[in-house]
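Read off the chains here:
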Amino acid sequence: MRADRLVAILLLMQARGRVTAAELAREFEVSVATARRDLDALSAAGVPVYPQPGRGGGWSLLGDARTDLSGLTAAEARALFLLVGPAATTNGPEIRSALRKLVRALPGTFRAAAEAAADAVVADPARWGERDPERPDLVAVLQTAVVQRRRVELEYADRTGARSRRLVDPLGLVAKGDVWYLLAGTANGQRTFRVDRISDAVPTGLPAERPADFTLMQAWERVVDEVEQHRSLLSATLLIEARFLPVLRTHFGRHCDTEGTTDDGRVRVRVAAPTAVSIAEQLAGWGDRVEVLSPASVRVELARIGRELIARYPPV
C-alpha cells in the first residue's frame, strides 16, 4: 500500500505544484506524521522534492520536474496496451481517455508501438445472436467500497431465494464470463457473493478490515478450486467418435479428459459433474452417439430420461 501511496503523492504533486503534509494526510486518510515520512522517503529515494518553510509553504518538485513513472520497456509497453486496448472498446469513455493519457506518458520511441498494440484487438463479449452482457448497476458501488476500504451492508438472496442483510468487508470483485462476484470478509470468514443476487448495497462509512496477506488473485484461485471440485464429484467413462469430441468438451469444459482410443476408432473419455443426473442430462441429447461404460448410476438415469421422453412423445 505504501508504494502505491508514494506514486499517488508524486502524481498529486505534479498536478498541484505544491502540497502540504496536512493536505496529503486528508487526501490519503493517513496521519500528518505519516505524510511527512512519505515525503521524506521520496526525497531519500532521489525524487527532487523539497520543503518550503513558513506561511504559504509546503512541498514542491524541484524546478517543476516531471518524473517518468512508467519505467516500462518497449516490450512491456506493447504487452500493457495489448491488454488494456480491448477494454477500451467495451468500458466507456473513461477507459479510452485513460488510455490516451497513458500513451502520452510513454517515451516518444514507444508511443507508435503502444498505439498499434491498443488497436490490435477488439473484444466483443456478446455471443452470436445475443445482446452485449450488461454490467450490474451495483458493481460501481461495490468497486468504490473496495478501493476506499469501506464496509458495505448487503441485502442478499442465497441460492434458495432466502434474503438476509449482511455487513461485509469488501475485498475485491471478479468478473467470470458475464457473472460478477464479490469476495468479502464476514463474521464467519471470507465469503463469495454473486452480484446479481445482491438487491441493495449501502456503504456505511466504517473502515473495512483487510487481511495483510490478502491478494485477490490467490483468493479467487482458491474459490475456483473449491467450485470445480464440487462440480466434479462424480466421473463417468464413455465412448464417442473423435469428430464429436470438440463439442463434448464445450459441454464439460475442464472436466473432460481423453483416455485413449478403442479398436473401432472411438475415443474413451472421462467426464465429471456433481451427480449422475447432471451427467445424464448433459448426455441425453446425444442419443446413440455416446456410449456410457460406467458408472451404472449414469446409465440408469439415461434410461429413466429415455422412458420419460417415450411416455411424453409416444411413437406414432
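Here, every reference points to the structure presented above.
Quick look at the structure, then. Bear in mind that the values here come from a model prediction, so they are computed numbers and not experimental data. (Residues numbered from 1 in each chain as written. Predicted model: local features only at pLDDT ≥ 70, side-chain atom pairs only at ≥ 80, totals over all residues. Heavy atoms only, no water.)

## Digging into the sheet that holds strand 3 (residues 58-61)
Quick note on the threshold: In this analysis, strands are considered paired if DSSP registers two or more bridges between them. The helix and strand labels rest on DSSP assignments: H or I over at least four residues marks a helix, E over at least two residues marks a strand, and numbering proceeds from the N terminus.
Strand order across the open sheet formed by three strands is 1-3-2, with antiparallel pairing between neighbours. Since the sheet does not close on itself, it has two edges, and those belong to strand 1 (18-19) and strand 2 (49-52), each with one partner. Bridge count for strand 2 against strand 3 is four bridges, and the pairing is antiparallel. The partner of Tyr-50 across the bridge, within strand 3, is Ser-60.

## A look at unusual backbone geometry
Using the following cut-off: Only protein chains enter the calculation, and the probe is 1.4 Å; a residue is then buried if its accessible area is under 20% of its type maximum, exposed if over 50%, and partly exposed in between.
Ser-294 connects to Pro-295 through a cis peptide bond whose omega is 0°. Of note, Arg-149 is a non-glycine position whose phi angle comes to about 55°, a positive value. As for its placement among the helices and strands, Arg-149 is situated in the loop between helix 7 (138-148) and strand 4 (150-157). Classification of Arg-149 as partly exposed rests on a relative accessible area of 25%.

## A word on a negative patch on the surface
The line we're drawing: Patches draw on residues past 30% relative accessible area with no salt bridge. Two like charges within 9 Å are joined, as are two nonpolar side chains (Val, Leu, Ile, Met, Phe, Trp, Tyr) within 5 Å. Here the open area of atoms and residues is found with the Shrake-Rupley method and a 1.4 Å probe, where only the protein chains shown may cover a residue. Each reported salt bridge corresponds to a side-chain nitrogen of Lys or Arg within 4 Å of a carboxyl oxygen of Asp or Glu. In this tally, Asp and Glu contribute negative charge and Lys and Arg positive charge; neither His nor the terminal groups of the chain are included. Positions of charges follow a simple convention, taking NZ of Lys, CZ of Arg, CG of Asp or CD of Glu.
On the surface, Asp-124, Asp-132, Glu-134 and Asp-137 cluster together to form a negatively charged patch. Locating Asp-137 in the fold gives a position in the loop between helix 6 (108-118) and helix 7.

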